[in-house]
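# Examination of the molecular architecture
Given next are the chains, with one letter for each unit.
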Amino acid sequence: RNGSLYVAEVNRILRYDNIAARLSNPPDPVVVYDKLPSDRSHGWKFIAFGPDGKLYVPVGAPGNIVDKPAPYASILRFNPDGTGRETFARGIRNTVGFDWQPGTKTLWFTDNGRDWLGDNQPPDELNCAPRAGLHFGYPYCHGKNILDPEFGQGHKGSDYTPPAQELGPHVAALGMRFYTGTMFPASYRNNIFIAEHGSWNRSTPIGYRLTWVKVAGDRALSYEVFAQGWLQKGKAWGRPVDVLVMPDGALLVSDDRAGAVYRITYQKPK
């Protein structure tokens, strides 16, 4: 932002000023904010500036299923200098991927569902937050209406904002982006690509793929596989982590198992 590179650590945000001109000799970082929790469980952070000029920072739940107050299980936002901290959304177990919808400027984000409720529940989630102050259910309710066996008593699904789209169970949905390029066919434009890292505790593995969600306004219309093949005969050789739309419209995909970045392009049939 304005020539500075912002970097998230587990418990703080750093800023490297004028970085493009100093790649071979980076400056010392400026500490933007250093009062985030130091829990390493779900401590990794994806950060981004929103259309409002605020820096959005998630703080995951410090465990599989725990009931702790904010800043845990939330998305925070700050002024660029680290002041003005506020809780934008709550009830989010762990999001490491979000983006703003073209046109509406609404925040959408993935959320990883809890473990150990069986192979087929709960679903991971794709959520839509058109305004601040919404609660997305964790740890009381998962998906649209699955009450947690430990924390769900006295709650109901209608108390919380339901996911715009229930994703596959345990697919570990991580990075997501709205496709804003022009290389792919027009049907992909302003719709969502999701990197599904893949299950680690499911009897039959699932995920290890890219999925595509078509949206209209704040509704998800469809959820389907876009690219797969990282999972072969129940064994994964790769795990998609994040997606990024390049200026030419190509889609980059990072893979932390194969240690690779893939470039997906489209060429019109002749």
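Here's a quick rundown of the structure. (Residues numbered from 1 in each chain as written. Predicted model: local features only at pLDDT ≥ 70, side-chain atom pairs only at ≥ 80, totals over all residues. Heavy atoms only, no water.)

With that out of the way, let us pick up the sheet that holds strand β10 (residues 123-129). Spatially, β8-β9-β10-β14 is the arrangement adopted by the four strands of the open sheet, whose pairing is antiparallel. If you trace the sheet from one side to the other, it starts and ends with β8 (98-100) and β14 (165-169), each paired once. The mean angle between the axes of side-by-side strands here comes to 20°, regardless of whether they run parallel or antiparallel. Sheet topology note: the β10/β14 ladder contains three bridges and is antiparallel. Note on β14: the bridge partner recorded for L126 is Q165. (Pairing = 2+ DSSP bridges. Helix = DSSP H or I, 4+ residues; strand = E, 2+ residues; numbered from the N terminus. Axes fitted to C-alpha atoms, helices over the stretch in contact; angles between N-to-C directions.)

What follows is about the pattern of salt bridges. By the definition in use, this model includes eleven salt bridges. In this structure, R77 engages E86 in a salt bridge whose closest nitrogen and oxygen atoms are separated by 2.9 Å. The exposure class assigned to R77 is buried, which follows from its relative accessible area of 14%. On the basis of relative accessible area, E86 is assigned to the partly exposed category, the value being 29%. A cluster of three or more residues bridged by salt bridges with shared partners is formed by D52, R77 and E86. (Salt bridge = Lys/Arg side-chain N within 4 Å of Asp/Glu carboxyl O. Buried < 20%, exposed > 50% of the residue type's maximum accessible area, 1.4 Å probe, protein only.)

Before going further, it helps to spend a moment on the side chain of D255. Structurally, the position occupied by D255 is in strand β22 (residues 251-255). Among buried Asp, Glu, Lys and Arg side chains, D255 stands out as unpaired, with R257 the closest opposite charge at 6.6 Å. Side-chain polar atoms of D255 contact the backbone nitrogen of R239, separated by 2.9 Å. A distance of 2.7 Å separates a polar atom in the side chain of D255 from a polar atom in the side chain of Y262. Among residues more than four places away in sequence, those in contact with D255 are W230, W237, G238, R239, P240, A260 and Y262. (Lys, Arg positive; Asp, Glu negative; His and termini not counted. Polar contact = N/O pair within 3.5 Å; in protein donor to acceptor, adjacent residues only side chain to side chain. Contact = heavy atoms within 4.5 Å.)

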